[in-house]
Amino acid sequence: DVKVTQSSRYLVKRTGEKVFLECVQDMDHENMFWYRQDPGLGLRLIYFSYDVKMKEKGDIPEGYSVSREKKERFSLILESASTNQTSMYLCASSSRLAGGQGDTQYFGPGTRLTVL
Amino acid sequence: AQSVTQLDSQVPVFEEAPVELRCNYSSSVSVYLFWYVQYPNQGLQLLLKYLSGSTLVESINGFEAEFNKSQTSFHLRKPSVHISDTAEYFCAVTGTGFQKLVFGTGTRLLVSP
């Protein structure tokens, strides 16, 4: 089974802190994604990566950055956390081998981040 | 650009009753459609997907969805729900070429005895 793990299930940080959210997948997937999930807004894409050291902005990249130094690991960084970044953060991965479009994204369990 | 509309934010239903969760999409290119399910305190899992071929697709736990190009819809149905189907359901669309998934806002299915 594909497994996507996230470093923490729950995280509490203070305003202004630098926050790192880690995601690891074990299926050698090329593509990795970071979303935030908020009630009534569904999932919104923050950043994605289709290869090591490659990254693309999603719909809401402001206030976030990412790092992909190894194929299996994709990190989301909040440079200076703010209260409006309190949310559920979901990581996902998918394979590119079957042609790109239509590939299933596999999700981690999520990290619920609270910024005080 | 693509978008997905899930008009119902919450659908309450009694156990063993049928249910339909609605999903409409807009896209200027050929689409690939997905339903994901999120059980409480878990990440999202793929329920079913339409890529091509038969417009009716089924999941292993009794859900089905029909791709209707003329109505730009991909509604999810189950003839008889169980308590364990209580979850949030997300419809998503992507298109030709590598494109990101665009998700709807989700529908919370609440099944009561």
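Here, the structure is the one placed above.
Residues numbered from 1 in each chain as written. Chains lettered and ligands numbered in written order. Predicted model: local features only at pLDDT ≥ 70, side-chain atom pairs only at ≥ 80, totals over all residues. Heavy atoms only, no water.

Draft legend 1. Structural detail: the state of the cysteines. Throughout the structure, instances matching the rule amount to two disulfides over all chains. Each sulfur in the disulfide pair A:C23 and A:C91 lies 1.9 Å from the other. Every disulfide takes its handedness from the sign of the S-S torsion; for A:C23 and A:C91 that torsion is -75°, giving left-handed. In this pair, A:C23 is assigned in strand β3 (residues 19-25) and A:C91 in strand β9 (residues 87-94), connecting sequence segments 68 residues apart. The same class applies to A:C23 as to A:C91, namely buried. Note that B:C23 is cross-linked by a disulfide to B:C91, the S-S spacing being 2.0 Å. (Disulfide = S-S within 2.5 Å. Helix = DSSP H or I, 4+ residues; strand = E, 2+ residues; numbered from the N terminus. Buried < 20%, exposed > 50% of the residue type's maximum accessible area, 1.4 Å probe, protein only.)

Draft legend 2. Region of interest: the interface of chain B and chain A. Residue-level contacts link 22 residues of chain B with 23 residues of chain A. Summed over both partners, the interface of chain B with chain A buries about 1,700 Å², with 59% contributed by carbon and sulfur atoms. Our count for the contact surface shared by chain B and chain A stands at zero salt bridges. Secondary structure elements with two or more residues in the side of chain B that touches chain A: β5 (31-38), β6 (44-50) and β10 (87-95) of chain B. Here the side of chain B that touches chain A is built from residues that sort into 10 nonpolar, nine polar and three charged. (Contact = heavy atoms within 4.5 Å. Buried area = accessible area lost by both parts, 1.4 Å probe. Salt bridge = Lys/Arg side-chain N within 4 Å of Asp/Glu carboxyl O. Nonpolar A, V, L, I, M, F, W, Y, C, P; charged D, E, K, R; others polar.)

Draft legend 3. Geometry of the nonpolar core. Membership of the largest hydrophobic core comes to 30 residues, with the highest contact counts inside it found for B:W35, B:L48, B:F74, B:L76 and B:Y89. At the level of elements, β2 (10-14), β3 (19-21), β5, β6, β8 (64-68), β9 (73-78), β10 and β12 (107-112) of chain B are the ones that each hand at least two residues to this core. If near-sequence neighbours (up to four positions away) are discounted, B:Y89 is found in contact with B:Q6, B:L21, B:W35, B:Y36, B:V37, B:L47, B:F63, B:L76, B:G106, B:T107 and B:L109. Listed in part, the 20 residues of the second largest apolar core include A:M32, A:I60, A:Y64 and A:V66. (Core = buried A, V, L, I, M, F, W, Y, C linked by side-chain atoms within 4.5 Å.)

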